[in-house]
Amino acid sequence: MNATRAIPGIHHVTAIAGDPGRALAFYTETLGLRLVKRTVNHDDPGTWHLYFADAAATPGCVLTLFPHPGARPARAGTGMVEATRLAVPSDALGWWEARLREAGAGVAGVAARPGGERALAFRDPDGLALELVATDSPPRGEPWTEGPVPAERAIGGIHSVVLALAHPEPTARFLAGTMGVEREGGLVDLVARPGKPPGRIAAGAVHHVAWRAGDAGAHAAWRDRIAAAGRRPTPVVDRFYFRSFYFREPGGVQFEFSTE
């Protein structure tokens, strides 16, 4: 596999929120993530951009939010991320279920996933669908020891995402053929929702999924590859602390490639 095909994994996931104070309290005080950066949405400077992560802001451990006070709720549908999964230690789900129920986080309970893993589904205050996946090998984040969650229970990073698609096969071919994501790699699950209308991105929905691209050279090579596949990537944008470009995969979900 050449340099442009070796994706280390997901870089971050960005969602839309409503009230920023409510989101800040939930992600730091309930989930125990660290607020590592507060900046503006460079594409909409009137909007905050909040970054939550582990202690070191490790790529693959970052969730970010664009808060829009008073925003209407999202509508579930195709061409959207149906759930964002976060990794926790294998023995932590009972502890987390009790904590999230006490916080009123819309807990759906623990269910088995394909492959034998167990996942705890819940929602953030804006209705964003999240899952905690119990795994023996969570991403190697650095727990925020000054937060409210003990290190042995802490969220270890992004486990995977679930994409809701009207027709999954074109996305599956693109992920495997262009992006080099293995079908059994565990980073992305594709769910067929035939007949369901396209969703609406608003509060409580994922805005985009960002992939790790390595250094600037690998990032440029990835953009060339995505363009050659006909996905029409945007120009490269300098975010000051990383560089990125965006495009939509065949099913309509917005992807980003980011340097480390």
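Right, let's walk through the structure included here. Along each chain, the written sequence defines residue order, and numbers are assigned to residues from 1. Where local features are concerned, this predicted model is filtered to residues with pLDDT of at least 70; where side-chain atom pairs are given and counted, the filter is 80 or more; whole-chain, interface and lining totals use all residues. Values reported for side chains reflect all heavy atoms of the structure, with hydrogen atoms and water molecules removed beforehand.

### Thoughts on the sheet that holds strand 1 (residues 10-17)
Taking strand neighbours across the sheet as the criterion, the eight strands line up as 2-3-4-1-11-14-13-12 in an open arrangement whose pairing is mixed. Only two strands of the sheet have a single partner each, and these edge strands are strand 2 (34-41) and strand 12 (237-238). In this sheet, strand 13 (residues 243-248) lies alongside strand 12 in antiparallel orientation, the contact comprising two bridges. Bridge pairing in strand 13 links Asp238 to Arg243. Note on contacts: a residue pair qualifies if any of its non-hydrogen atoms lie within 4.5 Å across the two residues. Working convention: axes come from line fits to C-alpha atoms, limited for helices to the stretch in contact. Angles between N-to-C directions cover 0 to 180 degrees. Secondary structure is summarised from DSSP: a helix means a run of H or I of at least four residues, a strand means a run of E of at least two, and numbering begins at the N terminus for each. In the packing of helix 1 (residues 20-30) onto the sheet, the strands contacted are strand 1, strand 2, strand 3 (44-53) and strand 4 (62-67), and the crossing angle to strand 3 comes to about 10°. Note on pairing: DSSP must find at least two bridges between two strands before they are called paired.

### Describing helix 4 (residues 216-228)
The end-to-end C-alpha distance of helix 4 is 18 Å, a good match for the 18 Å that 13 residues give at a rise of 1.5 Å each. Taken as a whole, helix 4 has its buried residues at Ala218, His219, Trp222 and Ile226. Across the axial projection of helix 4, the buried residues extend over an arc of 100°, all falling on one side. Across helix 4 from its buried face, at more than 90 degrees, point the exposed residues Gly217, Asp224 and Ala228. Contacts from the buried residues of helix 4 go to helix 3 (168-177), strand 13 and strand 14 (254-258). A 3.5 Å cut-off defines polar contacts: any pair of N or O atoms within that distance qualifies, except that in protein one atom must be a possible hydrogen donor and the other a possible acceptor, and neighbouring residues in sequence count only when both atoms are side-chain atoms. Two or three places before Gly217, at the start of helix 4, stands the capping residue Asp215, its side-chain oxygen 3.2 Å from that residue's backbone nitrogen. Phi for Gly230, located one or two positions after helix 4, is positive at around 80°. Between the first and last residue of a helix there are one fewer steps than residues, each counted as 1.5 Å, and that sum is the expected span. For every residue, the accessible area (1.4 Å probe, protein chains only) is compared with the maximum for its type, and the residue is labelled buried under 20%, exposed over 50%, or partly exposed between those bounds. The arc in question is the one spanned by the directions pointing from the helix axis to the C-beta atoms.

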